[in-house]
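Examining the three-dimensional arrangement
The chain contents come next:
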Amino acid sequence: MNRLRLLLLLSLTVFSNLLIAQEVAPGLKDIYKDHFYIGAAIDMHYLGKDQSPELDIVRRHCSAIAPENLLKWGSMNPRPGVYNFDATDKYVKFGTDNKMFIVGHVLFWHNQTPDWVFLNDAGETVSRDELLGRMRQRVALLAKRYGSKINAWDVVNEAIEDDGTLRKSKFQEIIGDDWIVEAFKIANDEFPAEVELYYNDYNMPIDAKRQRIIRLIEEIKAAGARVDGVGIQCHWSLDWPSVELAEQTIKQLALTGADIHISEMDITVLSWPYKIPQGSDINDYPQFQDEFNPYRNGLPSEVEVRQGQRYRDLFQLFVKYSDKVKRVSFWGVQDGHSWCNDYPVKNCRNYPLIFDRELKPKEAFEQIYHLLD
Ligand code: GLA
């Protein structure tokens, strides 16, 4: 064989091996398939495009999806009789086409619910019965349109304060303290039995909050409705909560019998900007840039490594409890599109997820990808 032919043959072999390697390399969803679903939150910024490299990542690595905004009351039904079904249909189709576990987020939340929901035509606050009727209408409509194509719903989001009291909200003010139980009764009545119903919240490691949520789950069940799962949002930081506290949180919540869903995971690398009013713009506070937005020019490798270790430790815990933990879902796909860049202060450069802004896998990805090797 002359040298040219040999070279050609060799390069063909290398090329085809590369192709095979690319095709067969398992995604995170394959690696964790015996433990839990791997999910990500997506929305129209990806679904609305013909081509989205972020959605390619989701197809490759995820077995579950959640919608960032498009199923919230305000996005889906901003005015009486106006429905954005284009977006919600696209979302459900993406999940169905890719055989994913599809989460509906969220039926009832004090945020992103339009004012009209609480007002009658004369602009007065509606009665308890009227509001319960509107809530039932919303659920019945979604149940009719999607049935069990949407596999699970966050029925109520963030209804308990950190001190364990009920959050004051329009729902609570108009219906009364039993509004959460009523919401679950409605969902229980309207959805097919195979659709799972969840309670979802943040700061679950805080004891007073968690204890109240555990009682709430018991109250809902005592009222004859089901709570199949509890969503631990998991918007956590590099050092809170400790792995021990996270473990206690999972263990105690699992005793209710509800499955555990890590529903909105991200790990911020910035510290809480306590010297700046929440909701303000970091650019209006140049004197605090270095303190609260220190990684404007990139994430130092030691911080990326620390974050990778943190993701690894938490995933190790989730695997340990994988008889209880059914899903671990990231709140977003890549660092450039994450609420952590704009909360609690706008225009920060944060790095909370496992893919960077160029969609390259970060240290956190490598750590969880190889955790079970
Ligand atoms: C909460 C909600 C989510 C989302 C995030 C921030 O966790 O449950 O729907 O709004 O805040 O983006």
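Structure's up top.
Our subject in this report is the structure included herewith. (Residues numbered from 1 in each chain as written. Predicted model: local features only at pLDDT ≥ 70, side-chain atom pairs only at ≥ 80, totals over all residues. Heavy atoms only, no water.)

Things to note about the site of the ligand
Every residue lining the ligand is accounted for by E68, K72, H105, W109, Q112, N157, E158, Q233, H235, E264, W331 and W339. One of the side-chain nitrogen or oxygen atoms of H105 is found 2.6 Å away from an oxygen atom of the ligand. One of the side-chain N or O atoms of N157 is found 2.8 Å from an oxygen atom in the ligand. Looking at the shell around the ligand residue by residue, the classes come out as three nonpolar, five polar and four charged. (Near = heavy atom within 4 Å. Polar contact = N/O pair within 3.5 Å; in protein donor to acceptor, adjacent residues only side chain to side chain. Nonpolar A, V, L, I, M, F, W, Y, C, P; charged D, E, K, R; others polar.)

Some details on helix 13 (residues 301-320)
Its 20 residues place the ends of helix 13 28 Å apart at the C-alpha level, agreeing with the 28 Å of an ideal helix rising 1.5 Å per residue. Listed in full, the buried residues belonging to helix 13 are V303, Q307, G308, R310, Y311, L314, F315, L317, F318 and V319. In this fold, the buried residues of helix 13 make contact with strand 1 (37-42), strand 7 (235-237), helix 11 (243-254), strand 8 (259-268), strand 9 (325-330) and helix 14 (363-369). (Helix = DSSP H or I, 4+ residues; strand = E, 2+ residues; numbered from the N terminus. Expected span 1.5 Å × (residues − 1). Buried < 20%, exposed > 50% of the residue type's maximum accessible area, 1.4 Å probe, protein only. Contact = heavy atoms within 4.5 Å.)

A look at the pairing of strand 1
With five of its six residues buried, strand 1 lies for the most part within the structure. Where strand 1 meets strand 9, four bridges bridge the pair, whose relative direction is parallel. If you follow Y37 over to strand 9, its bridge partner there is R327. Both strand 1 and strand 2 (residues 64-67) contribute to a ladder of four bridges, which runs parallel. In the strand pairing of strand 2, G39 is matched with A64. (Pairing = 2+ DSSP bridges.)

As for unusual backbone geometry
Note the cis peptide between W240 and P241, where omega equals -5°. Mapped onto the secondary structure, P241 falls in the loop between strand 7 and helix 11. Note the cis peptide between Y343 and P344, where omega equals 5°. Residue placement: P344 occurs in the loop between strand 9 and helix 14. Here K99, not a glycine, exhibits a phi torsion of approximately 55°, which is positive. Mapped onto the elements of the fold, K99 is located in the loop between helix 6 (85-97) and strand 3 (101-109). Classification of K99 as exposed rests on a relative accessible area of 75%.

Observations regarding the packing of aromatic side chains
For the structure on display, the rule yields 21 aromatic pairs. Ring centres of F118 and F171 lie 5.2 Å apart, and the angle between their planes is 80°; this geometry places the pair in the edge-to-face category. Residue F118 is located in the loop between strand 3 and helix 7 (128-146), and its partner F171 is located in helix 8 (residues 170-175); the two are separated by 53 residues in the primary sequence. Neither residue differs from the other here; F118 and F171 are each classed as buried. Both rings, one in F315 and one in F330, keep their centres 6.1 Å apart while their planes meet at 15°; by these two values the pair is stacked. In this pair, F315 is assigned in helix 13 and F330 in strand 9, connecting sequence segments 15 residues apart. Like F315, the residue F330 is buried in the burial classification. Members of the aromatic cluster, each reached through a chain of ring pairs, are Y32, F36, Y311, F315, F318 and F330. The ring of F85 is capped by R145, whose NZ or CZ atom sits 3.8 Å from the centre of that ring. The ring of Y351 has R357 sitting right over it, with the charged end atom 4.9 Å from the ring centre. (Phe/Tyr/Trp six-rings, centres within 6.5 Å; stacked < 30°, edge-to-face > 60°. Lys NZ or Arg CZ within 6 Å of the ring centre and 35° of its normal.)

Section: helix 6
When the terminal C-alpha atoms of helix 6 are compared, their 17 Å separation across 13 residues agrees well with the 18 Å that a helix rising 1.5 Å per residue should span. Regarding helix 6, the residues found buried are F85, A87, T88, Y91, V92, F94 and G95. Once helix 6 finishes, K99 follows within two positions and takes phi at roughly 55°, a positive value.

Things to note about the environment of L197
Tracing the backbone through its elements, the reader meets L197 in strand 5 (residues 196-201). In sequence terms L197 and R215 are 18 residues apart; their C-alpha atoms lie 17 Å from each other. Those residues within four positions of L197 in sequence are excluded, and the remaining contacts are W153, V155, F184, A187, N188, F191, R226, V227, D228 and G229.

As for the nonpolar core
With 111 residues, the main nonpolar core has I42, F108, M135, F184, M265, F315 and F318 as its most contacted residues. Contact partners of F184, with chain neighbours within four places excluded, come to V155, V156, L197, Y198, Y199, I220, A225, R226 and V227. (Core = buried A, V, L, I, M, F, W, Y, C linked by side-chain atoms within 4.5 Å.)

Brief notes about a nonpolar patch on the surface
Together, W272, Y274, W339 and Y343 make up a nonpolar patch on the protein surface, roughly 480 Å² of accessible area in all. Structurally, W272 can be placed in the loop between strand 8 and helix 12 (289-292). (Patch = residues over 30% accessible without salt bridge, like charges linked within 9 Å, V, L, I, M, F, W, Y side chains within 5 Å. Areas by Shrake-Rupley, 256 points an atom, 1.4 Å probe, with all protein chains shown as cover. Salt bridge = Lys/Arg side-chain N within 4 Å of Asp/Glu carboxyl O.)

Describing the pairing of strand 4 (residues 152-157)
Among the six residues of strand 4, six are classified as buried, and the element is accordingly described as predominantly covered. Relative to strand 4, strand 3 is paired through five bridges, and the arrangement is parallel. Counted as the bridge partner of H105 is D154 from strand 4. A crossover connection joins strand 3 to the parallel strand 4 through helix 7; in handedness this β-α-β unit is right-handed. In this sheet, strand 5 lies alongside strand 4 in parallel orientation, the contact comprising five bridges. Directly across from W153, in strand 5, lies its bridge partner L197. (Right-handed = clockwise from strand over helix to strand, strands pointing away.)

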